[in-house]
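# Structure at a glance
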Amino acid sequence: MIAPRAHGGIVGIIGDPVAHSLSPRMHTAAFAALGMDWRFVAFHVPAEHLPDALRGIRALGLAGVNVTIPHKRAVTSLLDELEPSARAIGAVNTVRVEADRLVGYNTDAPGVLDALVRDGGRTLAGARCLVLGAGGAGRSAAFALASAGAASVVILNRTTSRAEEVAGRVADAHPACAVRAGPLDPATVVRAAEEADVIIQATSAMLAEISDGRGEAPAWLRALDPVLRPGMIVLDMVYTPRRTALLNAAARAGATIVDGLSMLVYQGARSFELWTGRPAPIAAMRHAVDGPPPP
Ligand code: NAP
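This text gives an overview of the structure that appears in the document. Note that the coordinates shown come from a computational prediction; the quantities given were computed from them, not determined experimentally.

## A short note on the site of the ligand
The environment of the ligand is made up of 26 residues, and the closest members are Ile 69, Ala 137, Asn 157, Thr 159 and Arg 162. A distance of 2.6 Å separates an oxygen atom of the ligand from a polar side-chain atom of Asn 157. In the environment of the ligand, an oxygen atom lies 2.9 Å from a nitrogen or oxygen atom belonging to the side chain of Arg 158. Against a free-state accessible area of 920 Å², the protein chains account for coverage of 86% of the ligand. For the shell around the ligand, the secondary-structure elements that each account for two or more residues are helix 5 (136–147) and helix 11 (260–276). The biggest single contributor to the shell around the ligand is helix 11, with 4 residues. By residue class, the composition of the shell around the ligand is 13 nonpolar, 9 polar and 4 charged.

## Looking at the environment of Asn 248
Residue position: Asn 248 is located in helix 10 (residues 245–252). Using a relative accessible area of 29% as the deciding quantity, one classes Asn 248 as partly exposed. In this structure, the C-alpha to C-alpha distance between Asn 248 and Ile 200, residues 48 residues apart in sequence, is 14 Å.

## Here's the deal with the packing of helix 1 (residues 23–33) against helix 11
Each pair of packed helices gets described by two things: the angle between the helix axes and the distance between those axes. Running from amino to carboxyl end, helix 1 crosses helix 11 at an angle of 55°, the nearest separation of the two axes being 11 Å. Comparing the axis directions of helix 1 and helix 11 gives the class oblique. Of the two possible hands of crossing, helix 1 and helix 11 adopt the one that is right-handed. Of the residues in helix 11, those touching helix 1 at Ser 23, Met 26, His 27, Ala 30 and Phe 31 are Leu 264, Val 265, Gln 267, Gly 268, Phe 272, Trp 275 and Thr 276. A breakdown of the residues in the contact of helix 1 with helix 11 according to their chemical character gives 7 nonpolar, 5 polar and no charged.

## Concerning the packing of aromatic side chains
Enumeration according to the criterion identifies 3 aromatic pairs in this entry. Note on Phe 40 and Trp 275: the rings are 6.1 Å apart at their centroids and 55° apart in plane angle, and the pair reads as tilted. Of this pair, Phe 40 sits in strand 2 (residues 39–44) while Trp 275 sits in helix 11, placing them 235 residues apart in sequence. An identical accessibility class is assigned to Phe 40 and Trp 275; each is buried.

Criteria and thresholds
- Residues numbered from 1 in each chain as written.
- Predicted model: local features only at pLDDT ≥ 70, side-chain atom pairs only at ≥ 80, totals over all residues.
- Heavy atoms only, no water.
- Near = heavy atom within 4 Å.
- Polar contact = N/O pair within 3.5 Å; in protein donor to acceptor, adjacent residues only side chain to side chain.
- Areas by Shrake-Rupley, 256 points an atom, 1.4 Å probe, with all protein chains shown as cover.
- Helix = DSSP H or I, 4+ residues; strand = E, 2+ residues; numbered from the N terminus.
- Nonpolar A, V, L, I, M, F, W, Y, C, P; charged D, E, K, R; others polar.
- Buried < 20%, exposed > 50% of the residue type's maximum accessible area, 1.4 Å probe, protein only.
- Axes fitted to C-alpha atoms, helices over the stretch in contact; angles between N-to-C directions.
- Parallel < 35°, antiparallel > 145°, perpendicular 65-115°, else oblique.
- Left-handed = near helix turned anticlockwise from the far one by under 90°.
- Contact = heavy atoms within 4.5 Å.
- Phe/Tyr/Trp six-rings, centres within 6.5 Å; stacked < 30°, edge-to-face > 60°.

Read these as layout, nothing more, since geometry by itself doesn't imply function.
See the structure below:
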């Protein structure tokens, strides 16, 4: 039985691809832990169907959705309202239905900080940070780090103009933080990593390799290995596999590692609280995603 509320009881995730997502398993466990009769559904939504999918959220009475690749940016122009930090970041990963209006939030940003601080044991004030990727997740991380008092944030992206656009926004919002942008090539990555205390891998470059089972990391990612060192903290947002090649290399080099599951749980906990109004059962959510992946 679904909770008999006009806008309660069903939430989900929209993305393309979405089959790799552990969010259904995590939120289903959270509902079970609290005895809530809610459902979480994964919806495969190609870009051309995004506007219809959003209309469907309202029409079908969902309480909200998570938004994942590649829609976090595009969705911002299709909602009724953006919470101020989501508007500043320019990316939404959580939609909540509020009095029939679709309101966009960004829980990736606080989720990155929770993961680095609570699981990485790291204070971010004064940190020198490198963010690889300027999509929805990369821009959320860059904003989060600057808002937490990072001394500098370097954003490198395959499409350099996108990194520059994000860097401009972050610099405007956080003038005390030194923000730079650049291309995602091996030489630039190495130079930036040599000066970084915190590295965040926020590209989806490995998703295709994971889904077709090849697993060969790109040259810019492999170039990082020799510059990883103790005292550095490395977060890879990708959580399939849980221990990515980057995290394995960082652990071998004596760096502190934070896996993508850590961020998944913290951003998910904040989304859960937005939808349900109840404190998220974080331990149950973590436990649900720590096990082997679903068949
Ligand atoms: P997105 O908005 O679609 O952005 C994708 C990013 O990856 C862009 O920076 C893109 O560069 C880059 N990219 C894609 N293919 C690439 C390639 N072959 N080589 C180099 N760069 C490439 O996706 P997103 O929402 O930011 O998500 C990015 C990754 O983070 C995904 O793997 C996602 O699953 C993961 N993530 C995890 C969590 C978590 O909780 N653990 C949360 C959010 C995201 P261009 O701009 O040049 O296209």
